[in-house]
Amino acid sequence: MTVEVREHQKTPLWRNATFLKWVAQIGVLIALLALFALLGREALKNFNQSGISFGWKWLSDPTGVDIREGIDTSPDSGVRALAVGMVNTLRVGISGIVAATVLGTLIGIGRLSKNWIVNKLSTIYIESIRNVPLLLQIFFWQAMALVLPQLTTDDVGTYWFKASNKGFGLAWFRTDGGFWPWMLFVVAGIVVGRYVSRYRHRIQEETGRITYPGLSWFATVIVFAAVGWFAWPILRILAPVWHGIASFFRALPPIVYPIVGAIASIGFAVLWIRNFFESRRTPAGFGKLTDDDWFRVIFAGFSGIALAIVSFVIGGFVLTTVGGDKATVAELIGRGIANVFDWFGRSFEVTSGSPIVGSRPEVIVKGAGFVNFSEGGVVMSVPFFAIWTGVTLYTASFIAEIVRGGILAVPKGQTEAAMALGLRRSQYLRLVILPQAFRIILPPMGNQYLNLMKNTSLGIAVAFPEIVQVGTTILNQTGQSLPVVLVWMGFFVTLSLGISAIVNYYNRKMMIVER
Amino acid sequence: MTMHETTPERVLGDDIVIAEGVKKWFGDFQALKGVTTRVKEREVVVIIGPSGSGKSTFIRCLNRLEAHQEGTIIIDGTELTNDLKNIEKIRSEVGMVFQQFNLFPHLTVMDNITLAPIWVRKTPKAEAEATAMELLERVGIPEQADKYPGQLSGGQQQRVAIARSLAMKPRIMLFDEPTSALDPEMIKEVLDVMKELAASGMTMLVVTHEMGFAREVADRVLFFDYGTIVEEGTPEHFFTNPQHDRTKLFLSQIL
Amino acid sequence: MTGHVVTEVTELAPEPPPKGIRVWLKENLFSTPASGVMSILALLVALAGIRGILGFIFDPTRRWEAVTYNMRLLMVQAYPAEQAIRIWFSVGTVAVLLALSLAVWRVGGRTSPRQVGGTLFAVGSLALLGGLLGPFSTTGKIGWIVVGAVLAGVGYYLRNGLGERAKEESIPVLGAVAVVIGLVLVVIWTIELPFPVRDTAGEQVVSFLPIASSTRVPWTIIALVGVASYLVMKFARDLLPAVPTRRVLVGLWVLSYPVLVLVVLRDPHVPLDRVWSFYLPLAVGFAVVGALVLNVAANRSLGELGRVIGAVALIVALASFAFQMEYVVRFLLLAFAFFSLAAPTFGGEGASRRIFLAMWAISALLIVFFYVMATSESTVEVPGAFMLGGLGLTLILSITAIVASFPIGLLLALARTSKMPLFRIMATTYIELVRGVPLITWLLVAFIMLPVALPQGVSIGGVMRAIGAMTFFSAAYLAENVRGGLQAIPKGQYEASQALGMTTSQMTVFIVLPQALRAVIPALVGQVIAIFKDTSLVTIVGLFDFLHIARAVIPGQSQPFNFLGTFREPLLFAAVVYWMFTFTFSRISLRLEKKLGVGER
């Protein structure tokens, strides 16, 4: 006697595992959306009662915001004020990243040093800096700078370095006429140098003769830079080319930009879906797709279409420009690109000056009894000093630990194997240990860079005009809290996506090298 | 179907596992290409085959650790679909022993065995513990009840794993290469427990490379290759007179 | 043979010959010429550093009296002095719990005279160096040098003078800690620190007064009670059953925090008549009726009907928010829905069922108790919004945020590793969005946006807003930590639990979370440190936390004493206090890491 295989039994919906999973997910999603909708409605109601309606007009409206330092100290519009804030954030962030990486790496290596006193000093640095709140350290550096001597009329003059409670002036470089044409030479040197180094690398591999490919690359760049230093005025002939490109973009109908955006996003989605299906193809036809697979396909297609629509919506968005006329975003993009090329063309027309000149800080009398630094050199204001020193020293302590951990994580067998092959100490460090340590170090390092960027927002506590501080000022003046918060989020999320994209790129490159 | 005798103790009963044209894909890879077989109550079926042949996937489909995508699986009259009630019922009737033991490292041996009876079968704790002690005695390690899995040898761990499955009072036991991760001197202690279990009338599906076990205990041997059953038959037939070329090749490699 | 390994036979590795100081110097400082140059440079940096730090601290123009005078402000801000006993009671409770836990968990091993000697030698040498380099008067210099030399000498003797005995692990660590506590007590009863006073002419001058003159009695009592309770538990622990004692202690820790904050520190004025007429009957009613219903819902024979009861309870609880009623009833309904949803899977049978029902009854009573306490008016009269400021507020902020973020972070981590794509996307979006934007932005959102987004009639105080923002912020980071632990669990664990017939929730509670959490404990301690440091950001939105008092309140003081512009001294003091907390925690994290063997592959 056997049990017959009947037709498939019908599963009632309330016991169907797949169905229940989707009910739960969609249920939670709807509940969350409902919660947000409720809060949002309440917020809008409250705002309407207080007479504020959210919008983006403040971006183009003139503001009364005065910014203490940056590329523009009295910006004429909200968007310009925000741009100043963003540039300030990036200034602190990028210079902080460079400094913290150098300092952190040195201290991390010091922590591994066999030299007792260097080792102990590094340990003390790490343990004392990273265990104290960053904000407190920033306040401390501010307090330290504020007790420095005041500038008086006795201080008028030119300096290599000058510390005062108005900030620190130090000698620096400044770009001059001919900088951009010269940069073109340098870029050309980098490109040509790449080929030179590849060529010499091949020679070394073929003949075994040592040809120093890296050094030759460097030398090529130097030669190009040196030649360019004198030869840059020749590039004047390129100026009409830049202007030509500019007029091309000016003549292009604005609708092109949203169309390009839409094609890019839909094309990307189609490509992704096609690749996905390809990856599931078997000699016998397509494999079975799971719920998850279908979801991915639908989600990819949906995002592609949504992005395409968004690019048209944004492109058609009308803004009032500073000049007072109205223009769509698409038109503004076209104008912006054209302006960049025009500006490039103009900087190629200059024939006098030198690409880079030295410049020293100068203390001058500004009005009655008011003494301050003039334009010369680079002047680090007290807020900049406080926030920069704070984030740099703080992040360096974390980077040091990452570097140390990365080097320690390279297995001991690697050192022994390299020694057994007869590599010299410098060689095995460079060829064996560092590449492996770098791969371990990179992801947490990217995280620290991101943290540093985010930590610059503490500038608000010492009145350093970075994006959050500028945003708060605008918010207080206009009451446009939601849009300002959205700008903050957009800025930082873009930043973190950018940094993680770079880290992922290098990570993937390393992985390929590994295989 | 007539009942037939194999050994005096074991009388085969009705079909308890029915698989009809079972197919399963992992993304683009088809692991099962239509497996059809039936297992009777109290039968011991040994499944052999090269690695990647789909034999593990097949028995993992039988308690829905993997969901099959086409075909029908019926366990003790209940069809395996995405019906939660059926899955629940089948899982509590089918016990499974893994290659890597998969004991819960944060629980003592006793807690490992009693956890599921208490929370899935809703057995009162005292009763579950008494059963657990009986089972530990049956697999020969009652003195280890309060130790943690990490303190036991591989063979002891696998015996605890068998006891843990038996504590749910299953009607069918699946073994997925239960001795492959063991040192040679521990294999016998696990095989002895499995032989005793077979003699007691448990329905067993065993994926293994232990040909001695297959010869001695199995009622039937299935040979899997490329996701299908290439050949099946009694152990005598199988080890003395295999029909298929691939079976011959495989046996010549491992015997 | 039952594994008794004879260890005495094992031969110790031959001891390397003792090295002289010259060999040590050669190996550690001057092994190569480059190393020698580096050593000299580093030594100069170190000497300059010591001299600079001491010069800064002991500079006669430093105004440390700004810190000593404002100590109470720094610790608790404006908590009324006549109710200070409540704070001492809270601190004492924590000290006693800590002492009991140290005894019950048998924390603290032994250390060798060699190590203690090394520490003493280092401290002594530093003091000696400080005496030589510091800007002290002659008597001061001599004092420093003598103390330093004595300490260094004792340390050197312990390290090198005891021979083989120096390596025996003969000194209990907790004993050493007790000695340090004793020394601190001696210090607060003897040493004097600068303090501002008014002279006869009414001018503000600095005098020297004993440290902690108003608080040394309570501190001494607390220290003695702590040590005493440790000793009592040390003898009692062998008489008590180990596992239940630990469970009781964990329960006390969990309960102590809300009770101390809501009841002891707030001292609420409880409306007793309403408790008798409404709250108590409500609590008991819910506990009893709920237990009866849960007992039915947990029955296995009920099958799917058990889940229907849970679903109905959930709908009722959600619907209750649409009708007018006291919040406590809504909370009770929500808790009941939670329990009845869990009943079919976690209800058990026999003893497990009784524990389940008891847990419900206790939860119902606790919900009502804490609701009544939290909604009753506080009798602590403090000018300003919140009863505690200073270090007290910093601690409350960080503890509440970390505790509250724990369940959210757990759920987020589970959702992010779930097989269900929508849950995964929601969790990932939340986590990446929150982590991508700095905390200060979220604090500003909570202080600027939240008040307008709330329904009318609901308002949240500043402290609660900060706690909310920090909770949701910390949850995202916590989720990433827990995710690491979840991913470390072998696939076989899931398969084994499924093969045994466990439901997803049973598998999560019994198998997955215990293992995942154990693996991420050190990372979680790291998270506690981060949150503790991050609480300092609330000073930007104007809360009177520890940093705000140190950096804004004290330097702005002109009455009764004038400390205007005194920025650096309070900041340095605050830095030292923050450092002591975080350093302790990071050591705990290291210890746990070693003990749990995490991080070793």
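The sections below set out a description of the structure shown in this document.

The rules behind the values
- Residues numbered from 1 in each chain as written.
- Chains lettered and ligands numbered in written order.
- Predicted model: local features only at pLDDT ≥ 70, side-chain atom pairs only at ≥ 80, totals over all residues.
- Heavy atoms only, no water.
- Helix = DSSP H or I, 4+ residues; strand = E, 2+ residues; numbered from the N terminus.
- Rg over C-alpha atoms; globule rule 2.2 N^0.38 Å.
- Buried < 20%, exposed > 50% of the residue type's maximum accessible area, 1.4 Å probe, protein only.
- Contact = heavy atoms within 4.5 Å.
- Lys, Arg positive; Asp, Glu negative; His and termini not counted.
- Charge placed at Lys NZ, Arg CZ, Asp CG, Glu CD.
- Pairing = 2+ DSSP bridges.
- Salt bridge = Lys/Arg side-chain N within 4 Å of Asp/Glu carboxyl O.
- Axes fitted to C-alpha atoms, helices over the stretch in contact; angles between N-to-C directions.
- Left-handed = near helix turned anticlockwise from the far one by under 90°.
- Nonpolar A, V, L, I, M, F, W, Y, C, P; charged D, E, K, R; others polar.
- Phe/Tyr/Trp six-rings, centres within 6.5 Å; stacked < 30°, edge-to-face > 60°.
- Lys NZ or Arg CZ within 6 Å of the ring centre and 35° of its normal.
- Patch = residues over 30% accessible without salt bridge, like charges linked within 9 Å, V, L, I, M, F, W, Y side chains within 5 Å.
- Areas by Shrake-Rupley, 256 points an atom, 1.4 Å probe, with all protein chains shown as cover.
- Buried area = accessible area lost by both parts, 1.4 Å probe.
- Polar contact = N/O pair within 3.5 Å; in protein donor to acceptor, adjacent residues only side chain to side chain.

For the rest of this paragraph, the subject is the overall build of chain B. Regarding its fold elements, chain B presents 9 helices and 10 strands. For chain B, whose C-alpha radius of gyration is 18 Å, the value lies close to the compact-globule estimate of 18 Å for 255 residues. Principal-axis analysis of the C-alpha atoms places the extent of chain B at approximately 50 × 45 × 40 Å. Residues counted as buried form 60% of the 255 residues belonging to chain B. At a minimum sequence separation of 6, the contacts of chain B that also span at least 24 residues come to 66%. When the 28 positive and 37 negative side-chain charges of chain B are each reduced to one mean point, those points stand 3 Å apart.

All names here are of chain A. Read from one edge to the other, the open sheet built from 3 strands follows the order β1-β10-β11, with strand pairing classed as antiparallel. Sheet topology places β1 (157-158) and β11 (371-373) at the edges, where each strand pairs with a single neighbour. Where strand β10 (residues 362-365) lies against β11, 3 bridges are found, and the strand directions are antiparallel. Across the sheet, the residue bridging to Ile364 is Asn372, located in β11.

Attention now goes to the pattern of salt bridges. Applying the stated criterion across every chain yields a total of 36 salt bridges over all chains. Taking the shortest distance from any N to any O, the salt bridge between Glu401(A) and Arg130(A) comes out at 3.9 Å. With Glu401(A) in helix α11 (residues 382-409) and Arg130(A) in the loop between α3 (116-129) and α4 (134-146), this pair connects stretches of sequence that are 271 residues apart. As a salt-bridge pair, Asp15(B) and Lys40(B) come within 3.1 Å of each other at their nearest N and O atoms. Taken together, the residues span a long stretch of sequence, with Asp15(B) in strand β1 (residues 15-26) and Lys40(B) in strand β2 (residues 29-40) at a distance of 25 residues. We note that Asp15(B), like Lys40(B), is buried. A network of salt bridges, in which partner residues are shared, links Arg111(A), Glu127(A), Arg130(A), Glu401(A), Arg404(A) and Arg587(C).

All names here are of chain C. Axis separation between helix α16 (residues 421-436) and helix α19 (residues 462-487) bottoms out at 9 Å; the angle between their running directions is 115°. Judged by the sense of rotation from one axis to the other, the crossing of α16 with α19 is left-handed. In contact with Tyr430, Ile431, Val434 and Arg435 of α16, α19 contributes Phe472, Phe473, Ala476, Tyr477, Ala479 and Glu480. For the contact of α16 with α19, a count of residues per class yields 8 nonpolar, no polar and 2 charged.

This paragraph deals with the packing of aromatic side chains. One pass over the structure, following the stated rule, counts 50 aromatic pairs over all chains. Aromatic pair Phe344(A) and Phe348(A): ring centres 5.4 Å apart, planes at 45°, arrangement tilted. Highlighted residues: Phe344(A) and Phe348(A), both in helix α10 (residues 329-349), separated by 4 residues, approximately one helical turn. For the pair Phe344(A) and Phe348(A), one class covers both residues: buried. Ring geometry for Tyr505(A) and Tyr506(A): centres 5.4 Å apart, planes at 75°, overall edge-to-face. With relative accessibility at 39%, the residue Tyr506(A) sits in the partly exposed group. Taken together, the aromatic side chains of Phe179(A), Trp180(A), Trp182(A), Trp229(A), Trp242(A), Phe248(A), Phe249(A), Phe341(A), Trp343(A), Phe344(A) and Phe348(A) make up a single cluster linked through ring pairs. Geometry around Phe239(B) places Arg215(B) over its ring, the cationic atom sitting 4.7 Å from the centre. Taking NZ or CZ as reference, Arg62(C) lies 4.1 Å from the ring centre of Phe56(C), over its face.

Residues and elements named next belong to chain A. The strand order β2-β3-β12 describes an open sheet built from 3 strands, whose pairing is antiparallel. Every interior strand has two partners, whereas the edge strands, β2 (161-164) and β12 (378-380), have only one. On average, each strand axis in the sheet is tilted by 10° relative to the strand beside it, whichever way the strands run. In terms of strand pairing, β2 meets strand β3 (residues 167-170) through 4 bridges, oriented antiparallel. Bridging across to β3, Ser164 finds its partner in Gly167. Where α11 meets the sheet, it contacts β3 and β12, and its direction lies at approximately 75° from that of β12.

Here we come to the pairing of strand β4 (residues 70-75) of chain B. Residue and element names in this part refer to chain B. Here 5 bridges tie β1 to β4, and the two strands are oriented antiparallel to one another. Within the sheet, the bridge partner assigned to Glu20 lies in β4 and is Thr72. Alignment of β4 against strand β5 (residues 78-79), held across 2 bridges, turns out to be antiparallel. Bridge pairing in β5 places Ile75 opposite Thr78.

A separate point is a nonpolar patch on the surface. Residues and elements named next belong to chain C. A surface patch of nonpolar side chains, about 840 Å² in accessible area, is lined by Leu272, Trp276, Leu280, Val284, Val288, Val289, Leu292, Val293 and Leu365. If you tally residues by element for the nonpolar patch, the top one is helix α11 (residues 272-297), at 8 residues. Tracing the backbone through its elements, the reader meets Leu272 in helix α11. Taking the relative accessible area as the measure of exposure, Leu272 reaches 54% and is therefore exposed.

Every contact between the two is made by 57 residues of chain C and, on the other side, 57 residues of chain A. Counting each side, the surface lost to burial between chain C and chain A is near 4900 Å², with a carbon and sulfur contribution of 73%. Its largest share of buried area at the contact with chain A, chain C owes to Leu422(C), Lys533(C) and Arg568(C), together 11% of the area lost on that side. Inspection of the region where chain C meets chain A yields 1 salt bridge. Between Arg587(C) and Glu127(A) there is a salt bridge whose closest N-O contact spans 3.0 Å. Remark: the boundary between chain C and chain A carries 10 residue pairs in polar contact (both at pLDDT 80 or more). Mapped by element, the contributors of at least two residues to the side of chain C that touches chain A are α1 (21-28), α2 (33-57), α16, α17 (439-448), α18 (450-453), α22 (546-553) and α23 (568-596) of chain C. Broken down by element, the residue count for the side of chain C that touches chain A peaks at 11 residues, all from α23(C). A breakdown of the residues in the side of chain C that touches chain A according to their chemical character gives 39 nonpolar, 10 polar and 8 charged.

Purely spatial values, then, with no claim about function.
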